[in-house]
Amino acid sequence: MTDLLMQGVGMTSLRTRERLIQRLRDQGVTNLRVLDVMLNTPRHIFLDEALSHRAYEDTALPIGHGQTISQPYIVARMTEVLLGAAGGNLQKVLEVGTGSGYQTSVLAQLVPHVYSVERIKPLQDKARDRLRQIGLRNVQMRHADGGFGWPEAGPYDGIISTAAPQAIPDELLKQLAPNGVLVIPVGGREQHLHLVIREDESDHFVTRILEPVKFVPFLSGTSR
Ligand code: SAH
């Protein structure tokens, strides 16, 4: 962990974060690397000051522009599904929907190279500052519609989306490396987490539908 990350962590009591991690365990999160990274990541710096005292509650919270920082449980769960399905073979991951940058920061401590796209420019700018503040330098960001992925930087061993489309964008599937893994919520009013794995080098994809979830919608285009 970087010194800055340590400082950020020091600002809230260890007990508060330990309680959150215990809650994640109680809900069935078992990946120790994920739990350890979340124990050591200062979620409060990804929130506006008025809400930062609620950072270690297991709940989604508003981050402005009609968006939310994801619930810690779902961050843990999606990261665990990604790591588990990729079988220790994750060099490069694309995230669609940077938002606050919290999920990005968790990924960046587990994967050597993280690419993250966000369609709302002010959210992206804030997230970039926060990642810099805690000393994470292995994240590339782009202001773009993630429906097109980030083809120039691909293919990816893993892709994670933190916004829910009605159907999985083809471009994301195309940008998966052989045996690459996509974790994405799909649906409208009713959504389910989907796990899609590219079979070797083929254009054949295996899909597993996991638990019901609730994410903000995956929107087209970008906004300044
Ligand atoms: N992981 C983030 C979640 C933020 S909410 C966090 O914990 O803070 C989802 C984000 O996805 C929002 O910031 C929203 O603007 C973004 N988003 C929605 N559709 C998108 C698209 N097509 N391309 C890029 N970002 C998108």
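Preceding block: the structure.
Residues numbered from 1 in each chain as written. Predicted model: local features only at pLDDT ≥ 70, side-chain atom pairs only at ≥ 80, totals over all residues. Heavy atoms only, no water.

Draft legend 1. Summary view of the nonpolar core. Within the largest apolar cluster, 52 residues are counted, with the highest numbers of intra-cluster contacts made by Leu-24, Met-38, Leu-82 and Val-183. Those residues in contact with Leu-24, other than ones at most four positions away along the chain, are Val-29, Leu-35, Met-38, Asp-58, Pro-72, Tyr-73 and Ala-76. Listed in part, the 18 residues of the second largest apolar core include Ile-159, Ala-163, Leu-173 and Phe-218. (Core = buried A, V, L, I, M, F, W, Y, C linked by side-chain atoms within 4.5 Å. Buried < 20%, exposed > 50% of the residue type's maximum accessible area, 1.4 Å probe, protein only. Contact = heavy atoms within 4.5 Å.)

Draft legend 2. Structural detail: the pattern of salt bridges. Applying the stated criterion across every chain yields a total of 11 salt bridges. Here Asp-58 and Arg-23 are joined by a salt bridge, their closest N and O atoms 3.2 Å apart. Of this pair, Asp-58 sits in the loop between α3 (32-39) and β1 (61-64) while Arg-23 sits in helix α2 (residues 14-26), and the two are 35 residues apart along the sequence. Residue Arg-23 is classed as partly exposed on the basis of its relative accessible area, which comes to 42%. Here Asp-48 ties to Lys-126 by a salt bridge, and the two come within 3.2 Å at their closest N and O atoms. One end of the pair, Asp-48, is in the loop between α3 and β1; the other, Lys-126, is in helix α6 (residues 121-133), and 78 residues separate them in sequence. Looking at Asp-48, the relative accessible area reads 37%, which means it is partly exposed. Residues participating in the shared-partner salt-bridge network are Asp-48, Lys-126 and Arg-130. (Salt bridge = Lys/Arg side-chain N within 4 Å of Asp/Glu carboxyl O. Helix = DSSP H or I, 4+ residues; strand = E, 2+ residues; numbered from the N terminus.)

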